[in-house]
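Structural features, examined
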Amino acid sequence: MADAINTETKKFLCVSCPVGCALTVSVQGTKVIKAEGNTCKLGLKYAENEAANPLRTFTSTVRVDGASLPVCPVRSRTPLPLAKMFDVTREVAKLHAVAPVKMGQVLINDVCGTGTDIVASRSLG
Amino acid sequence: MARVRECGYYDIIVIGCGIVGAAIARDLSRYALKIAVIDKSSDLPSGASRANSSMLHGGFDDEPGLLKAKLCAKGNRMYRPLSEELDFKIRDCGSFVCAKGAEEEKHIEKLYEQGKANGVIGLEIVSGDKLREKEPNAAPDITAALWCSSGAIVNNFEATLAFIDNACQNGASLFTETEVTGLLFDDAGANISGVSTNRGNFRAPIVINAAGTYTDVISRMAGDDSFKIYPTRGEYFIFDRSAGNLVTSFLFSCPSALGKGITVARTADDNLLIGPTSVRQTDREDTGTTIPGLDEAFEGAKRLVPRIPRNMSITTFAGVRANIDIGDFCIKAADKPRGFVNVAGIKSPGFTSAPAIAEYVAEIIKDSFGGIVKLEKNPTFNPERKHIPRFSELSNEERAELARKDPKWGQIVCRCESVTEAQVVEAVRRGARTVMGVKMWVRPGMGRCQGGFCSPMVVEILARELGLSPLEITRQGGNSKLLTGMTKSPLLPEELS
Amino acid sequence: MNHNTREIDVAVIGGGPAGVAAAIAARENGAENVAVFERDREAGGILRQCIHPGFGLHTFGEELTGPEYMERFIKRAHEAGVEFSLNTMVFQMDEPLAENGGKTASFWTMNPDRGVERVKAKALVLAMGCRERPAGALGIAGDRPAGVYTAGTAQRFVNMEGFMPGTKAVIMGTGDIGLIMARRMMLEGAEVVAVFEIMPWVSGLRRNIAQCLDDFGIPYYLRHSVCELHGRERLEGVSVVEMDENRRPIEGSRKFIGCDTLLLAVGLIPENELSKMAGVKLDAMTNGPEVNEFLQTSAECVFAAGNVVVVYDLVDFVSEEGAKAGKSAALYALGKLSDGGREFRIETDSRIRIISPQKLTGGQDVTLYLRVGEPVEGKCELYAEHGLFSKTLRYARPGEMNEITLSAEKLQRLPADIKSIKIGLEVS
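Residues numbered from 1 in each chain as written. Chains lettered and ligands numbered in written order. Predicted model: local features only at pLDDT ≥ 70, side-chain atom pairs only at ≥ 80, totals over all residues.

1. Some remarks on the interface of chain B and chain C
- Listed as interface residues are 50 residues of chain B and, on the opposing side, 46 residues of chain C.
- Of all the elements in the fold, those that place two or more residues in the side of chain B that touches chain C are α9 (291-304), β20 (313-324), α11 (396-405), α14 (455-466) and β25 (485-486) of chain B.
- In terms of residues, the side of chain B that touches chain C owes the most to one element, α11 of chain B, which gives seven residues.
- Examined bridge by bridge, β25 of chain B and strand β13 (residues 163-164) of chain C share two bridges and lie antiparallel to one another. Looking across to β13 of chain C, one finds that M486 of chain B is bridged to F163 of chain C. (Contact = placed C-beta atoms within 7 Å. Helix = DSSP H or I, 4+ residues; strand = E, 2+ residues; numbered from the N terminus. Pairing = 2+ DSSP bridges.)

Following this line, the structure appears as structure tokens:
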């Protein structure tokens, strides 16, 4: 009985790919007991992350000097906590890159202690 | 008290640079006069000259004897040579007033007689079938129509700009974003001596009031409250060019007491235009469209051409006409103060009448104010001006030639209307200050994507040519800024943003 | 003469994902001179401003942003020997010329440095993409102030020029670009009040509802429409009404919502002005060229691919179709394109709103892309007549395309009197 009391049913929409499976997940605390509705194993992993700490790929732009465009698009190399999106944006806002920028070039290491880097997502001269 | 800025001495000040003010300025620029034209908007044309049916009426709508009947028929005849001299677009499409049933047929017969009395040429009453031979998409229940071969359609933006552009080439000065706040008098109010504006005082012994929906307000400043303007809104739809070929001529519904009724036309640039409605309002500036108004315009147009596809509309707009309570144009010199001329109530057929109004005003000045100014020939008057070349209408040889001289002719900014960077740059050089101003001059954003593709580029070019930040560029002056700041600036501490 | 004439094997109009993939495939299939004509200063098309992730999972097995996806493709194109004519606008298209016993495509370009040029190509791939439906098409009443943008225009300002189009936005329509822009505006420091959709369903991908709206607490309302704009200079607010089942405004439901920006994501329209000039037959439902399995249009030397044909959900499909069109164009240019000899028309039942291709010759295996008109929630059977295809779907929604694959072999085995193939959706 104790289990049943602590088990929560949560609904997530998997964003791992464009299919967008609707997941029904039984969660105890931050742990997934059961997941339904996913059509591949990415869904299960997504549910586990979503229950514990939702992660998203961060994308934005940085100001760049001396390039054909005033801003260069950037991304987090890997997904980072959704809760840190605005902190990361503020860090990125302070950044000023200088052309030429290469796609994949690291612009901020370990941004906001998330363990992932902010990299340029295009080359810009 | 701070001293009021003095903005110069002129022979004549024209208040308002709609088609009427512009035509007056251009006609007066034939004479050696120092002319100032002032207008409160950022870009021209504004007001009813921007938003109307752009129709050149034959001149059968108004009863013989009225000033507007005379000036309309005359204005119509003046437009073709003017379009050559001043290089604006006009299409001789002819017009039909469509009647459904005996009562309306009786009405078009009356119009026919009126037209003959007014000296309109090319009038003929035709059967519904005859109409549909020329206009196969016209409604099957139209029983007869009044054909008028001198009916035409004009590019109203180009025409207004052409008049003022030529006036300025011949020495007139244009002041935009200049709003009249009062009139100046001397000799205890016996004579007019100029206008006060937000920029300061402009001095002249003759002031012509061509302020459109504000003519009664200005007239009251001169102590004349003999007429009142009833701002009257008309709502329109514009459709994609691919719907333009639904008609070739200008189709009118049978007129009613309110106005000439809903029309369906192919514009000078081949879009389909329907409207206007006619609703009195108190606000002189409210050019918003309304849901009932648009429905009325559309339903009215469907009575003429049933298969208009509503989903091919690319935009809607409304204009406010300067309807007047005296049943005719009000064009006359005031007895007091001397030097003040009202050109008021220029509702439809105002656009058509404008060049004739201009000559009429010149006569008034000659007859009434000979003692104040002399109308001597301007020795350098050049009646001809060229519009900015229209890339979309050039041959490939001409396009290649222009692009070789200036690479900006090879940079297409608006793909719907085929507008090049060179045209936008030239529009700014000739006075366009806003996105709307550029659009009036050379049409970027007038097409089916309505600026989706070109507006970032037009903003960029305007900023560059005017030496401004893109953040300062407006859609249509005032507080109509297109952009609100740099990205992320709201997230940064103040010293960084 | 004021202009040069360039003669090439395969011309591709548009340097976005469809065009670049087509050009690569054309080179890989033996075409010698392959050139992409791109009106912008660089190739990449709309993906240059789609800086969000979600591209390339099919093609590269990882989630890329738009610029990353295109940079990889453009690099491949350069390696394959594709020539790029950038800053080059095709402003006039001729109907294909009858030359050397076949047809030749002919069009005119403008470039600031080279001026006007005429291009003659043995085969042409149309890859102009699509454009956004503007506000005018919706008949929204009211003022015409600054602050009303299509989502894509706003995306360009924000992602490529670093400017904010506004500080407080309402979004009309649940098209993907609108949803994506809701998140972008939030992350750049603006407020997004709400998203309104006139239909009873979402038109974009559901994951964009989750990660663009739900993640940021932005509400969305189905069966609601912006009906009037307020503000003479800059937008000051919009009026919104709720719609009933028949898409009629519900009386008394009108609300004023203060905002300085309205972004429109109300549909994409294939960009076919040039196709029309070429005399290519368009499909009334897709608004794109009618094509066969080679992505060949009614003008035999003209092929088409990507969103100019039909608006796809995923760029991966756009690239795949681009590659098919490029290959077909190369084979045509080399005189080696042979069709299957059959003439099938694709017909659809009433549940299916759009489908492409519309014609098949049985010349190669084909993927048909289709969209339903209204959502079917629950199991349904997607089928192609004559036992050609059948698949059980968990649901079918207008916002998510479905695919049908048909093998050339099976098509060829159909009796000679069969001229049409019906595609349908059976709801159980």
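After that view, the rundown keeps rolling.
2. A word on α14 of chain B
- For α14 of chain B, built from twelve residues, the straight-helix expectation of 16 Å at 1.5 Å per residue is met to within 8% by its first-to-last C-alpha distance of 16 Å.
- Those residues of α14 of chain B not exposed but buried are S455, P456, V458, V459, I461 and L462 of chain B.
- Here the buried face of α14 of chain B lies against β23 (412-414), α12 (421-429) and α13 (435-442) of chain B together with α4 (151-161) of chain C.
- Immediately downstream of α14 of chain B, the backbone of G467 of chain B shows phi near 65°, a positive value. (Expected span 1.5 Å × (residues − 1). Buried ≥ 20, exposed ≤ 12 C-beta atoms within 10 Å, placed from the backbone.)

3. As for the domain arrangement of chain A
- The assigned domain composition of chain A is domain 1 (2-52) and domain 2 (59-120).
- Here domain 1 of chain A and domain 2 of chain A have C-alpha centroids that lie 30 Å from each other. (Domains from an automatic or database assignment.)

4. Examining the sheet that holds strand β20 (residues 261-264) of chain C
Residue and element names in this part refer to chain C.
- Here we have five strands laid out as an open sheet, ordered β12-β20-β14-β15-β16, and parallel in their pairing. The sheet terminates laterally at β12 (148-150) and β16 (220-221), the two strands that pair on one side only.
- One ladder, built from four bridges, connects strand β14 (residues 168-172) with β20; its direction is parallel. Residue A169 lies in a different strand from β20, and its bridge partner there is T261.
- Relative to β12, α4 is tilted by about 95°, and along the sheet it contacts β12 and β20. (Axes fitted to C-alpha atoms, helices over the stretch in contact; angles between N-to-C directions.)

5. Brief notes about the domain arrangement of chain C
Residues and elements named next belong to chain C.
- Taken domain by domain, chain C holds domain 1 (1-131 + 268-337), domain 2 (134-266) and domain 3 (339-428).
- On a C-alpha basis, the centroid separation for the pair domain 1 and domain 3 is 26 Å.
- Taken together, the 14 residues of domain 1 in the interface contact 15 residues of domain 3.
- In terms of residue class, the side of domain 1 that touches domain 3 is built from seven nonpolar, three polar and four charged. (Nonpolar A, V, L, I, M, F, W, Y, C, P; charged D, E, K, R; others polar.)

6. Description of unusual backbone geometry
- Cis rather than trans, the peptide bond between K336 of chain B and P337 of chain B has omega equal to -5°.
- Cis geometry marks the peptide bond from S356 of chain C to P357 of chain C; its omega dihedral reads -10°.
- Tracing the sequence through the fold places P357 of chain C in the loop between β24 (352-356) and β25 (359-360).
- In this structure, D110 of chain A is a non-glycine residue whose phi angle is positive, near 40°.
- Turning to its location among the elements, D110 of chain A is positioned in the loop between β9 (106-108) and β10 (118-120).

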